[in-house]
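# Fold and contact review
If you want the building blocks of each chain, they are given just below.
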Amino acid sequence: MTAPGRLRAPLATRGRTLHAGAWWLWALGLATAASRTTDPLLLGLLIGVAGYVVAARRTDAPWARSYGAFVKLGLVVLAIRLVFAFVLGSPVPGTHTLVTLPELPLPDWARGVRIGGRVTAEGMVFALYDGLKLATLLICVGAANALANPARLLKSLPGALYEAGVAVVVAMTFAPNLVADVQRLRAARRLRGRPDRGFKALLQVGLPVLEGALERSVALAAAMDARGYGRTAQVPRAVRHTTTALTLGGLLGICAGTYGLLAAQGAGYGLPVLAAGLAAALAGLWLGGRRSVRTRYRPDPWGLRAWLVAGSGVAVAALMIWANAYAPAALHPPAVPLTAPELPLWPALSVLVGLVPAVAAPVPAGAPGPPADRRTAGTAHPRNPKDLKETTT
Amino acid sequence: MIRFEQVSVTYGDAGTPAVQGIDLTVPEGELCLLVGPSGVGKSTVLNAVSGLVPHFTGGTLHGRVTVDGRDTRTHQPRELADVVGTVGQDPLSHFVTDTVEDELAYGMESLGLAPDVMRRRVEETLDLLGLADLRDRALATLSGGQQQRVAIGSVLTTHPKVLVLDEPTSALDPAAAEEVLAVLQRLVHDLGTTVLLAEHRLERVVQYADQVILLPAPGAAPVIGEPAEIMAVSPVHPPVVALGRAAGWSPLPLTVRDARRKAGALRERLAGQTPASPGAAAGARTGSEDAAAPVAEAAGLSVRRGRIDALHRVDLAVRPGETVALMGRNGAGKSTLLNTLVGMHEPAAGSVRVGGAVPHRTGPRDLLRRVGLVPQEPRDLLYADTVAAECAAADADAGATAGSCRALVTRLLPDVPDDTHPRDLSEGQRLALALAVILTARPPLLLLDEPTRGLDYAAKARLVTVLRDLAAEGHAIVLATHDVELAAELAHRVVILADGEVVADGPTAEVVVSSPSFAPQVSKVLAPLPWLTVPQVTHALAELERTA
């Protein structure tokens, strides 16, 4: 094999998928970067980077479709922010009046709240930047959701949290089943000669759907029990008590430490108490894991590519934080006075570091990859009609 | 390996025990078949082995159940997980994870096996069950037979000594059922696994059994013995046994091969006779075939679901009084075709007409009088909490006179009280209730999707009688089924679908006999003579007696 061939990303088979944690670190890095700027061009660039990586590396799995939902949610948030700024006014002073709405006279106790009144271009621009920032955060979370298999992420939880994790996984597999049930029962209404569309139809299948879900959960619980779910190892009494003490004490420590950090006078002891609490809670979790006899089948390896992906996200965040300290003005274009936002060169280049996963992460089999990768994906997964039929039989 | 000592189980506030006086031993390495009519407590016995009865289901268990020396009274199901593997009727409700490989590993993870052992066993199991190509697939995208094999594999990886299966083949097409049974055979032969299995479709499994446990009636003590001797007295038996009983063969044959070797004389006696045409005992299609306009007609019908053509250029016409069986493997498009006839899917090309109307453009109320479909899960049709309320609602929906649905229910189910909850009915009773609800509107076309799933032979015989009467009254019936015996008894015509296309369409005798997987047992035994069902043969034999 030639050198470029060796450098090309491998197919994401079971043993070579990227660790789900790496995707989350990458996405959280982008989100951190987004929270540090209000420049619409930089935010747009961040959205573009996240979107490109999702397009290049997402699978056909059900959770991969959540990206679109998150983009829509982001747009809704942006719209709400703009509507609020339009109707409720904006604290930003401005000179360019767009329209003047009739102002609602409010009683004395509601002073400081305004409904209607002057709508300025500056206020709207400020709201747009602010809303865009929130939308970008949501889109970054959506990207992580689309790229990382949630079940695998839960597999990396410490043993003591495993049972809670299973509950979440089961709930997640139940949601699609529930939707399928609703569709089936609505269709069945048609067979009884009742209308199958409309809100009322949906309401009337509610009870049977819930009954079905309940029956399925009981059947699943029986199956899990019969397959050894919840087997526990014998641990000495002392260890059990230590676990409880550590976990409870740790949580208390975390609460107290956080309070110390946030309150005005406790800044001195806040950090050490928080750290001690965290350590105690982690030790409690680790000890608690000894009760569980479970082992893990083929956990996702954390390899070079996982480092690259997670590192690129962290790098984007770090560079943006550093740029914030270095040249804050470039990252926060002022709304007053109105100016056209500029694209600061170095921050923009550092955002592009976030594109590394689009090259470094393994290619999912049969994914809609970018042109360069499509060839690889195509040969490994011939898409002839027979194949497609098989997947549905 | 499995021992029951004077076991009886009573659930909650039930007055009588669900099973009692069970005393049995299943030795190591045997394939043991549990048979009996519905409602005799087969599932209770199976779940008692895995400890789910009484630990999970509640109820009181008297006596003692031991598995590999472990008493289920003192061991929770999870502590028996390394000796007993349990697979239920519906593989989907058994799955905890979402991909094949994770599912196979789940049981081992719970037991805390070392990672290298888990890896090796998963690979072995993938090979043993022929699942290697499916290892990364999502479970929801597998076919029924594949899902059942994964479910079996998922309990095999922990190397249990005992495998307990509740109706493993009832939802499967004949080929997939053979696939699953071949796997069980292999486990018993190669790994010495003890298998305890309950199944309604005896024609598929009885020849593999080493021992048969018959629960003849609710509360009755079990009868245990060699398959041949139990089948001689069993109220439930496959057609090949019924044929052997009718012809007076002894010992009774259990396989088509044994029966064929004994059937020489019978074939000679029947050689001059012509069988009554299947299902047409009522003679519904007397010459009016061309005159009657079809009640349903599809021409060049294609239906797309997602990116796949679920149906591709299907032509089908169904005339009044005709019974058509749709057959084909899981996912061949049978249900899609039925659903299209009631307007749930819009055709991508071609046309479909039911009673002169285009189904997907017809309102539900109007459509109800043209076509009725009993879905795979009849419970989907039932919303009310008593049988009486359900009947009243059906009368209102159909605009029928009050009491007409109840009259139908009484005809189909003579002894069901008004205040029973539909959920408490047995599988067969529920089907009959759903059928009555649909028939209240008197649709000229009746569609049934897998009507015999989970029915025992008695319930099936009742269903056959009811459907024959309906066909004689002029209803057209289309049934999608995997049950070759049912198709042979009922259908005038068989249509075989494969990958959404019609690959065979013709009179039952011609289509079914020419295919090894769709041929009923009687036709396999008496080939090349065109006999399909036991009643045909007994009828002909009675005629011969009379003339002689």
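Notes on the structure in this doc start here. Because the structure is predicted, anything quoted here is derived from the model rather than measured. Sequence order sets the numbering: in each chain, residues are counted from 1 along the sequence as written. For this description, chains carry letters from A and ligands carry numbers from 1, given in the order in which they are written. Owing to the predicted nature of the model, reporting of local features is limited to residues with pLDDT of at least 70; listing and counting of side-chain atom pairs is limited to 80 or more, with chain, interface and lining totals taken over all residues. Computation of side-chain values: all heavy atoms of the structure, hydrogens and water removed.

## Describing the overall build of chain B
Threshold: Elements are defined by DSSP. Helices are runs of H or I of four residues or more, strands are runs of E of two residues or more, and each kind is numbered from the N terminus. Radius of gyration here is computed from C-alpha atoms only, and the compact-globule reference equals 2.2 Å multiplied by the residue count raised to the power 0.38. Using a 1.4 Å probe on the protein chains alone, a residue whose accessible area is under 20% of its type maximum counts as buried, one over 50% counts as exposed, and one in between counts as partly exposed. By the convention used here, residues are in contact when the closest approach between their heavy atoms is within 4.5 Å. For the area figures, the Shrake-Rupley method with a 1.4 Å probe applies, and any residue is considered shielded solely by the protein chains shown. Only four residue types enter the charge count, namely Lys and Arg as positive and Asp and Glu as negative; His and the chain termini do not. Note that the charge is assigned to NZ on lysines, CZ on arginines, CG on aspartates and CD on glutamates.
The secondary structure content of chain B amounts to 21 helices and 19 strands. Expected size for 548 residues packed as a compact globule is a radius of gyration near 24 Å; at 24 Å, chain B falls within 12% of this value. Summarising its shape, the C-alpha atoms of chain B cover approximately 70 × 60 × 50 Å along the three principal directions. Sorting the 548 residues of chain B into buried and exposed places 56% on the buried side. Nonlocal contacts in chain B, meaning residues at least 24 apart in sequence, comprise 67% of its contacts between residues at least 6 apart. About 20,800 Å² of surface is accessible on chain B, with carbon and sulfur atoms providing 49% of the total. Of the charged side chains in chain B, 49 are positive and 67 negative; the average position of the first set lies 3 Å away from that of the second.

## With respect to empty space enclosed by the protein
Residue and element names in this part refer to chain B. For the record, the criterion: Only protein atoms enter the 1 Å grid used here, on which a cavity is any set of points holding a 1.4 Å probe that cannot leave and a pocket is any open set flanked by protein within 12 Å on both sides along at least five of seven lines; residues with an atom within 4 Å of a point are listed as lining. Grid points are joined across faces, edges and corners, and a volume is the space filled by probe spheres set on the points. Segmentation of the chain into domains, including their bounds, is taken from an automatic or database domain assignment. Three classes are used, and their members are as follows: Ala, Val, Leu, Ile, Met, Phe, Trp, Tyr, Cys and Pro are nonpolar, Asp, Glu, Lys and Arg are charged, and the others, Gly among them, are polar.
Going through the model one piece at a time under the given rule, you end up with 10 cavities of 30 Å³ or more. Its boundaries defined by the atoms lining it, the largest cavity holds a volume of some 130 Å³. At the level of elements, helix H16 (427-439) and helix H17 (457-472) are the ones that each hand at least two residues to the lining of the largest cavity. Considering each element in turn, the lining of the largest cavity owes the most residues, 5 residues, to H16. The two domains that each donate at least three residues to the lining of the largest cavity are domain 3 (281-370 + 444-508) and domain 4 (382-442). Approximately 70 Å³ is the volume attributed to the second largest cavity. Considering the residues around the second largest cavity, the lining is formed by Glu167, Ser170, His200, Arg201, Glu203, Thr452, Arg453, Gly454, Leu455, Tyr457, Lys460 and Asp483. The residue makeup of the lining of the second largest cavity, split by class, is 2 nonpolar, 4 polar and 6 charged. Residues from two domains meet in the lining of the second largest cavity; each of domain 1 (2-237) and domain 3 (281-370 + 444-508) gives at least three.

## As for the interface of chain B and chain A
Operational definition: The quantity reported as buried area is the accessible area (1.4 Å probe) lost by two parts once they are put together, taken as the sum for both. Salt bridge, as used here, is a side-chain nitrogen of Lys or Arg placed within 4 Å of a carboxyl oxygen of Asp or Glu. Whenever a nitrogen or oxygen atom comes within 3.5 Å of another N or O atom, the pair is scored as a polar contact, on the condition that within protein one atom can donate a hydrogen and the other can accept it, and that pairs from neighbouring residues in sequence are kept only if both atoms are in side chains.
Between chain B and chain A, the contact holds 67 residues from the first and 49 residues from the second. Where chain B abuts chain A, roughly 5,100 Å² becomes buried across the two surfaces, and 52% of that area is made up of carbon and sulfur atoms. Among the residues chain B hides against chain A, the three largest losses belong to Arg78, Glu109 and Tyr383 of chain B. Together they make up 14% of the total. Our count for the contact surface shared by chain B and chain A stands at 12 salt bridges. One salt bridge in this structure joins arginine 192 of chain A and aspartate 397 of chain B, with 3.5 Å as the shortest N-O distance. Linking chain B with chain A are 22 residue pairs in polar contact (both at pLDDT 80 or more), by the criterion used here. Listed by contribution, the elements that provide at least two residues to the side of chain B that touches chain A are strand S6 (84-87), helix H3 (100-111), helix H4 (115-128), helix H5 (144-156), helix H13 (364-367), helix H14 (387-398) and H16 of chain B. Top contributing element to the side of chain B that touches chain A by residue count: H3 of chain B, with 10 residues. Considered class by class, the residues forming the side of chain B that touches chain A number 33 nonpolar, 14 polar and 20 charged.

## Some words on the side chain of serine 8 of chain B
By secondary structure assignment, the location of serine 8 of chain B is in strand S1 (residues 2-10). Accessibility expressed as a relative area gives 14% for serine 8 of chain B, which makes it buried.

## With respect to the packing of aromatic side chains
All names here are of chain A. The test is simple: Only centres within 6.5 Å qualify two rings of Phe, Tyr or Trp (six-membered ring in Trp) as a pair; their planes then separate them into stacked at under 30 degrees, edge-to-face at over 60, and tilted for everything else.
By the definition in use, this model includes 3 aromatic pairs over all chains. Note on tryptophan 302 and tryptophan 307: the rings are 5.7 Å apart at their centroids and 80° apart in plane angle, and the pair reads as edge-to-face. The class of tryptophan 302 is partly exposed, set by a relative accessible area of 32%.

## Concerning the sheet that holds strand S3 (residues 31-35) of chain B
All names here are of chain B. What counts, and what does not: For two strands to be treated as a pair, DSSP must find at least two bridges joining them. Axes here refer to lines fitted to C-alpha atoms; in helices the fit is confined to the stretch in contact. Angles between the N-to-C directions go from 0 to 180 degrees.
Spatially, S6-S7-S8-S3-S9-S10 is the arrangement adopted by the 6 strands of the open sheet, whose pairing is mixed. Lying at the two open borders of the sheet, with one neighbouring strand each, are S6 and strand S10 (223-225). If you compare each strand with its neighbour and ignore which way they point, the axes differ by 15° on average. As defined by bridge partners, S3 adjoins strand S8 (residues 194-198) across 4 bridges and the pair is classed as parallel. Considered in S8, the bridge of leucine 31 is made with valine 195. Lying on the sheet, helix H1 (residues 42-50) is in contact with S3, S6, strand S7 (162-166) and S8; it crosses S7 at an angle near 150°. Strands in contact with helix H6 (residues 174-191) are S3, S7 and S8; relative to S7, the strand with the most contacts, it is inclined by about 160°.

## Here's the deal with the pattern of salt bridges
For the structure on display, the rule yields 38 salt bridges over all chains. Between glutamate 179 of chain B and arginine 149 of chain B there is a salt bridge; the shortest N-O distance is 2.9 Å. Placement of glutamate 179 of chain B in helix H6 and of arginine 149 of chain B in helix H5 is noted, with a sequence separation of 30 residues between them. Glutamate 473 of chain B is the salt-bridge partner of arginine 442 of chain B, the closest N and O atoms lying 3.6 Å from each other. Residue arginine 442 of chain B is found in the loop between H16 and strand S16 (445-449), and its partner glutamate 473 of chain B is found in the loop between H17 and strand S17 (476-480); the two are separated by 31 residues along the sequence. Members of the salt-bridge network, linked through shared partners, are Glu211 and Glu215 of chain A together with Glu377, Arg379 and Arg423 of chain B.

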